[in-house]
2 protein chains.
Amino acid sequence: MPDSDTAGWRRRERPLRLERRLEFADYEQTRVFLEHSESLSEKTAIYPNMSFGRTYVNLTLFADEGEQDIAPAVRAFAERVDALAGADRVSVP
Amino acid sequence: MPDSDTAGWRRRERPLRLERRLEFADYEQTRVFLEHSESLSEKTAIYPNMSFGRTYVNLTLFADEGEQDIAPAVRAFAERVDALAGADRVSVP
C-alpha cells in the first residue's frame, strides 16, 4: 500500500526500495531535473540509483540493508524529488 | 570483436549497441562526468541511456533501428566519453 506522502513512488520488496519514473517534454527538462536532483544528493548524501534517456528518468531509493522500513530521510528525499519534478516538467505520465 | 578505437566499450547484439561501465572515486567525480556527458549530448543530439549511482555510471549507445553497424557519429561520441572519463576520474576498474 503506497504511503500517502510518497504516493508517486512504488514501494517494492526484496530489496526494500521506492521506485519512480518521471517523463519530460524534452532533454532540456530532463537535464534540469538531473542537475537539481544531483545537488539534492550532494546536500543530503542520499544517492538514488538513476537511469535516464532523452526524456525519462527512473529513480530507485533503496532502504538501508536490514531495515524493515524506508528511512524518514529517504522518504523526505522522495518528496523533494516530487517537488523538483513538479517544477521541472510539463507532462505527467 | 571490439573495434580498436572504442576498445573500452563492449559491443552487444540484439539490439546492436555499445556498453561501457565507468567507476569514479567519489560522487563529485561522478557528477562532473555526468555534467560533461550531458553537455556532449546537447551538442551532438546523441543521448546514451545511462544509469548511475554514487560512484558508477553505465552507458549504453544504441545503433539506429535496422542499422547493421554503429554509426560513425555514435562511435565518435563513445570516443569522446572515453576522453571525458579519462580526464574526470582517478581509478580505472
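Now for a quick tour of the structure. Keep in mind that what you see is a predicted model, and the values were worked out from it rather than measured.

## Overview of the overall build of chain A
Working step 1: Tallying secondary structure elements over chain A gives two helices and four strands in all.
Working step 2: What you see in chain A, going N to C, is helices and strands ordered as β-β-α-β-β-α.
Working step 3: The burial tally for chain A puts 43% of its 93 residues in the buried class.
Working step 4: Accessible surface for chain A amounts to roughly 4,900 Å². Of this, 49% is attributable to carbon and sulfur atoms.

## Description of unusual backbone geometry
Residues and elements named next belong to chain A.
Working step 1: With an omega of -5 degrees, the peptide bond running from Arg-14 to Pro-15 counts as cis.
Working step 2: In this structure, Pro-15 sits in the loop between strand 1 (10-12) and strand 2 (17-23).
Working step 3: A positive phi angle, close to 60 degrees, is found at Ala-45, a residue other than glycine.
Working step 4: Relative to the helices and strands, Ala-45 is located in the loop between helix 1 (27-44) and strand 3 (49-52).
Working step 5: Here Ala-45 falls in the exposed class, since its relative accessible area comes to 52%.

## Brief notes about the relation of the copies chain B and chain A
Working step 1: For the pair chain B and chain A, the relating rotation is 180 degrees, the translation along its axis is 0.0 Å, and the fit reaches an RMSD of 0.0 Å. Here the copies are linked by what is in effect a two-fold axis. Relative to the rotation axis, the C-alpha of Ser51(B) is the closest in chain B, positioned 1.9 Å from it.
Working step 2: A symmetric contact is evident, with 100% of the interface residues of chain B recurring at the interface of chain A.

## What about the interface of chain B and chain A?
By a frequent convention, interface size equals the accessible area lost on bringing the separate parts together.
Working step 1: Contact with chain B, which involves 18 residues of that partner, is made by 18 residues of chain A.
Working step 2: Together chain B and chain A conceal approximately 1,700 Å² of surface at their shared face, both sides included; 49% is due to carbon and sulfur atoms.
Working step 3: Taken together, the connections running from chain B to chain A amount to four salt bridges.
Working step 4: Close ionic contact of Arg31(B) with Glu38(A) constitutes a salt bridge, the shortest N to O distance being 3.3 Å.
Working step 5: Among the elements of the structure, helix 1 (27-44) and strand 3 (49-52) of chain B are those that each provide at least two residues to the side of chain B that touches chain A.
Working step 6: With nine residues, the top contributor of residues to the side of chain B that touches chain A is helix 1 of chain B.
Working step 7: Looking at the side of chain B that touches chain A residue by residue, the class counts come to seven nonpolar, five polar and six charged.
Working step 8: Relative to strand 3 of chain B, strand 3 of chain A runs antiparallel, the two being bridged by three bridges. The partner of Met50(A) across the bridge, within strand 3 of chain B, is Phe52(B).

## Details of the packing of aromatic side chains
Working step 1: Evaluated as defined, the whole model comprises five aromatic pairs over all chains.
Working step 2: Summarising the aromatic geometry, the rings of Phe52(A) and Phe52(B) are spaced 6.1 Å apart at their centres and angled 80 degrees between planes, so their arrangement reads as edge-to-face. Note that Phe52(A) is positioned in strand 3 and Phe52(B) in strand 3, a pairing that runs across two chains. We note that Phe52(A), like Phe52(B), is buried.
Working step 3: Stacked on the ring of Tyr47(B), the Lys or Arg Arg54(A) has its end atom at 5.8 Å from the ring centre.

Thresholds, definitions, all that
- Residues numbered from 1 in each chain as written.
- Chains lettered and ligands numbered in written order.
- Predicted model: local features only at pLDDT ≥ 70, side-chain atom pairs only at ≥ 80, totals over all residues.
- Heavy atoms only, no water.
- Helix = DSSP H or I, 4+ residues; strand = E, 2+ residues; numbered from the N terminus.
- Buried < 20%, exposed > 50% of the residue type's maximum accessible area, 1.4 Å probe, protein only.
- Areas by Shrake-Rupley, 256 points an atom, 1.4 Å probe, with all protein chains shown as cover.
- Least-squares fit on C-alpha atoms with pLDDT ≥ 70 in both.
- Contact = heavy atoms within 4.5 Å.
- Buried area = accessible area lost by both parts, 1.4 Å probe.
- Salt bridge = Lys/Arg side-chain N within 4 Å of Asp/Glu carboxyl O.
- Nonpolar A, V, L, I, M, F, W, Y, C, P; charged D, E, K, R; others polar.
- Pairing = 2+ DSSP bridges.
- Phe/Tyr/Trp six-rings, centres within 6.5 Å; stacked < 30°, edge-to-face > 60°.
- Lys NZ or Arg CZ within 6 Å of the ring centre and 35° of its normal.

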